[in-house]
Amino acid sequence: MNMLNTLLPSLTNNAARSIPLVLVAALAVEATAQNLVPNPSFEDTARCNAEYDPVLLSAPPWFNINRATPDIYDCDLVQRCGEVWDPADPDVQLSGFQYARTGSRFVGAYHWYGANSSDTKEYLTVRLTTELVAQAVYSVSLSYSRADGFVLATDRISVFFGTDSFYVNDFRTVHVQPQVDLVDPDHEYLTNAEDWVQLTGAFVAAGGERYMTIGSFLDSSQVNGTIAPTGFLQYAYYYYDDVAVIEEPRSGIHELAFSGYLLVDGNLRLKGLPDNTYAARVIDATGRVIQELDQVLSNSGHADIPLGDQEMAYGLYLVSVWSKEGRGATRFVCLNPRRVSIPR
């Protein structure tokens, strides 16, 4: 299975600052793209025997940004490092045994203690191998599995990118605005405890971001959560593995080449798009979804996308289209800030 077919099953939905996987799939044309996340599957144990630290010394260069303590699990029962994850251990079965998706190690973190309860949150942070480039599009992905001994589930795993590291001397929610909310397009909640499920999204970098933090940035009363099919411990706890941040090609997509511009009637005109029926999504420079349609018809080399009653601020926008035959993306500029209203 090629890279695009692997990516297509997952996408982000209506998160305020995220771009869906379909855009990532539209942009991902180089299977050898560089992953900017060091130690992405937590296999590096170079500092395992140093003084105790549940993250930094078990999976460098990952570290923790608050007083809560995420876990590093090790399925290697011979060369043990981190929390030994032995399926014969009753406590392991109680939490919910899962083998690492790749290698022998993965991580786990508490996301939610239930509505209007403790705001305890666990986070994992890493310094990327290079700074992100302004206006470049980056795909962000990880694989999750719900610990099936825990009965709660949420609808997202969020990712924040910052220009510097920080530490909060508290165990509760870190209040920053994540650029990406990773969700499962096929299910409202992240409840799968049998498999590793890849979640993929993307965002447009402001420039200079170097640190990535994974977790939940919502207080307990704000979380969209549910009761999972299995479990009895009254928390939402997730395993992560195989984290990736990849810059997508900045020169456009070779499969489909077209241009886009705004019309006075509230439509976005795509010019030079081969005749076909496409799915389409429009986002602004921060990743906010402006419009998403399942069927956009291109006829005689052009297609029109209605933008609805949206605030169109001055600036750069991105439209992506995809079908079974091709994928592509192009940028367009709104020069006149206005509310776009479609004539009824």
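Okay, so let's go over this structure. (Residues numbered from 1 in each chain as written. Predicted model: local features only at pLDDT ≥ 70, side-chain atom pairs only at ≥ 80, totals over all residues. Heavy atoms only, no water.)

### Here's the deal with a nonpolar patch on the surface
Inclusion rule: Residues enter a patch when their relative accessible area is above 30% and they make no salt bridge; the linking distance is 9 Å between like charges and 5 Å between nonpolar side chains (Val, Leu, Ile, Met, Phe, Trp, Tyr). Methods summary: accessible areas were calculated by the Shrake-Rupley approach with a probe of 1.4 Å, and residue burial reflects only the protein chains presented. One speaks of a salt bridge when a side-chain nitrogen belonging to Lys or Arg is within 4 Å of a carboxyl oxygen belonging to Asp or Glu. Helix and strand labels come from DSSP, where a helix needs a run of H or I of at least four residues and a strand needs a run of E of at least two; each type is numbered from the N terminus. Here the term buried applies to any residue with accessible area under 20% of the maximum for its type, exposed to any over 50%, and partly exposed to those in between, with areas from a 1.4 Å probe on protein chains only.
Together, Tyr 314, Val 333 and Leu 335 give the surface a local cluster of nonpolar side chains, amounting to about 340 Å² of exposed area. Here Leu 335 shows up in the loop between strand E20 (327-334) and strand E21 (338-340). Given the relative accessible area of 57%, Leu 335 is considered exposed.

### Quick notes on the sheet that holds strand E8 (residues 180-182)
For the record, the criterion: Paired strands are those between which DSSP finds at least two bridges. Axis definition: a line fitted to C-alpha atoms, over the contacting stretch in the case of helices. Angles run 0 to 180 degrees between N-to-C directions.
Strand order in the open sheet made by the four strands is E4-E10-E7-E8, with antiparallel pairing throughout. With partners counted over all chains shown, the strands left at the sheet margins are strand E4 (124-127) and E8, one partner each. With strand direction ignored, the average angle separating the axes of adjacent strands in the sheet is 20 degrees.

### Observations concerning the pattern of salt bridges
Scanning the model with the defined rule gives seven salt bridges in all. Between Asp 155 and Arg 156 there is a salt bridge whose closest N-O contact spans 3.0 Å. The class of Asp 155 is buried, set by a relative accessible area of 10%. The exposure class assigned to Arg 156 is partly exposed, which follows from its relative accessible area of 26%. Taken together, the shared-partner salt bridges connect Asp 155, Arg 156 and Asp 181 into one network.

### Quick notes on the pairing of strand E3 (residues 105-112)
In terms of burial, E3 is largely enclosed, as eight of its eight residues are buried. Where strand E1 (residues 71-74) and E3 come together, four bridges link them in antiparallel fashion. Residue pairing for E3: Ile 72 is matched across the bridge by Val 107. One ladder, built from five bridges, connects E3 with strand E12 (residues 236-247); its direction is antiparallel. Bridge pairing in E12 places Gly 108 opposite Tyr 239.

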